[in-house]
Amino acid sequence: MKKQNINLMEGFSAIEKRRSQKSDRVIVFMALFLSVFLIVGAFSFKLYLDNSNLKDKIKVTEAYVNDPILKARIAAIEVSQAKINDLNQIDQILDELNASFEVFPRINTLSLRVITSNMPTGTSLKSLAFDGQWFTIQLISPNYSGPSQFAVSLRDSEFFEEVIYQGYTSEVVNGVTRYVGKVVAILKVGD
Amino acid sequence: MAVSIEVRNNRIHVVDAVVNNNKITCKKAFSLDLPDGVLDAKGIIDNMQFARILESGLELHHVKSKKVTLCINNPSIIYRELVVPRVDDKKLAFVVRSEMISSLNLTNEYIIDFIILDEYIDQHKPFYRILAAAILDSAMKSFVDTLYSIKLKPTVVETSTSSVIKYVDMSGVVDDGEPVIIADIEDGTLKLYLFEEKKYVLTRNTKITDYSMDDKKTLMVSSKTTSTKWFNSNSPVRRMSESRKSSWSGKSISLMKPVIASTKISKS
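**With respect to the interface of chain A and chain B**
Line of reasoning, step 1. The partner chain B presents 20 residues to the 13 residues of chain A that form the contact.
Line of reasoning, step 2. Taken together, the residues that form the side of chain A that touches chain B break down as 6 nonpolar, 4 polar and 3 charged.

**Details of the sheet that holds strand 2 (residues 134-141) of chain A**
Residue and element names in this part refer to chain A.
Line of reasoning, step 1. Pairing is antiparallel across the open sheet formed by 4 strands, whose spatial order is 1-2-4-3. Looking at strand neighbours, the two that pair on one side only are strand 1 (124-130) and strand 3 (160-173), the edges of this open sheet. Between one strand axis and the next, the sheet turns by 15° as a mean value, whatever way the strands run.
Line of reasoning, step 2. Pairing of strand 1 with strand 2, which is carried by 6 bridges, proceeds in the antiparallel orientation.

**Digging into the pairing of strand 3 of chain A**
Residues and elements named next belong to chain A.
Line of reasoning, step 1. Pairing of strand 3 with strand 4 (residues 176-187) involves 11 bridges; the strand directions are antiparallel. Within strand 4, the residue paired with V163 across the bridge is A185.
Line of reasoning, step 2. Joining the antiparallel neighbours strand 3 and strand 4 is a turn of 2 residues, in which N174 adopts a positive phi near 55°.

**Thoughts on the nonpolar core**
Line of reasoning, step 1. Formed by 47 residues in total, the largest nonpolar core has its most connected members in L8 of chain A together with L70, F114, A132, A133, I135 and M140 of chain B.
Line of reasoning, step 2. For this core, the element with the most residues is strand 9 (residues 125-136) of chain B, which contributes 7 residues.
Line of reasoning, step 3. If you count residues domain by domain, this core takes at least three from each of domain 1 (3-75 + 137-162) and domain 2 (77-135) of chain B.
Line of reasoning, step 4. Other than its neighbours up to four places away in sequence, I135 of chain B contacts L8 of chain A together with I72, S76, I77, Y110, I111 and M140 of chain B.

**Here's the deal with the confidence of the model for chain B**
Residues and elements named next belong to chain B.
Line of reasoning, step 1. Summary statistics for chain B give a mean pLDDT of 77 and a share of 77% for residues scoring 70 or more.
Line of reasoning, step 2. In the predicted structure, residues 220-228 sits below a pLDDT of 50 and forms 18 contacts with residues beyond four places in sequence or in another chain.
Line of reasoning, step 3. Here the predicted complex scores 0.57 on pTM and 0.75 on ipTM.

**Quick look at the pairing of strand 2 of chain A**
All names here are of chain A.
Line of reasoning, step 1. A one-sided burial pattern is seen for strand 2, the buried positions being F135, I137, L139 and S141 and the unburied ones W134, T136, Q138 and I140.
Line of reasoning, step 2. Where strand 1 folds back onto strand 2 in an antiparallel hairpin, the turn is made up of 3 residues, including G132, whose phi is positive at roughly 105°.
Line of reasoning, step 3. Bridge analysis of strand 2 against strand 4 gives 8 bridges, and the strand direction is antiparallel. Looking at strand 4, one finds that I140 is bridged to V180.

The rules behind these values
- Residues numbered from 1 in each chain as written.
- Chains lettered and ligands numbered in written order.
- Predicted model: local features only at pLDDT ≥ 70, side-chain atom pairs only at ≥ 80, totals over all residues.
- Contact = placed C-beta atoms within 7 Å.
- Nonpolar A, V, L, I, M, F, W, Y, C, P; charged D, E, K, R; others polar.
- Pairing = 2+ DSSP bridges.
- Helix = DSSP H or I, 4+ residues; strand = E, 2+ residues; numbered from the N terminus.
- Axes fitted to C-alpha atoms, helices over the stretch in contact; angles between N-to-C directions.
- Core = buried A, V, L, I, M, F, W, Y, C linked by C-beta atoms within 7 Å.
- Buried ≥ 20, exposed ≤ 12 C-beta atoms within 10 Å, placed from the backbone.
- Domains from an automatic or database assignment.
- pLDDT = per-residue confidence, 0-100.

In structure tokens, the structure reads:
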């Protein structure tokens, strides 16, 4: 389009716009630079303060750690701790022993009651021995079947782990024949 | 409507007019004298004084408009007629700028604008005849900043020549096709604008060292082939009233002011 009018204001406005943009760019750059500077400065200052605080804390901690009273206390505590450890070991061993004792076969009134209650009528107990595991029972019966009946009865009670009948012998006392039977039985573990 | 302000060497002319259907009605017109040292070729030197004088003048004459068409008619603006090869419109501005810088030895600090006066072919090559104007960026800034300081907003800044050309385009001053000289005289300077067939031909500036009002009338001579349109810049109000009485047709002497270019002066 053919240019009809002179207007120097258009050119001036364009220059002013460029000037303004340039000025804006400078301001933005300055603001950015200032912001970065302030952020870095603030961060550096914070790091400096943190560093100072940590140094102070290290000094206090070092003084505390190097305190001779504290060192003596720590040594005493270490000794006590070693003792406690020994005691704990002993305690542990005792616990294990106790546990072993719990499962170890033991003679008690129930065992004796089971033995006596299973004796046939007319029989009497001659001797009873216990070696820690085995009962050795000797009984006197007026007839020869008494001891074996006792052994069968004892096995049927299932109180013992194993019942072994070892036979009988006869003897005459005051003109009366009596039969002495021998039975061994072993207790169940844990009972 | 923008108020028109023409800044001369030692005077400011202000015209507040309304344009309606290509008809301009002048509401107010007045001049303000500037003391020495306010202006020079580098623009406004004393911004404060210039602003004060203009602001008080606008207040005194109750001019409310804030938009300004500024016509710089003093040595701070340079204009030259150029002939350049016809090039693409986008490249024309660059060509004109380069031509102005090289022919007037200007720096890059000049703001340059132009109008195409004519287009012709010489030896089978098309050429543009161009009127270009240049002003130093700092001078322009001094004018614009001073106007902004009194809350005026310049929308157009132009030269007196381009104002006269616009005026002639719009008015019926040179309708008859004969060569016409428009003379502008003020403070010892005579400016002649020659038009032929409604086209701008040339401008001539002449210094007049000593003259009186009677002498001025001796300048109102029209030749057989050229009519002279005359105005006295010192009294714009009187000039406007007289122009109303004058006929725009024929070769009569009429009083007018380029900066308030109008096609027809309202008779109401």
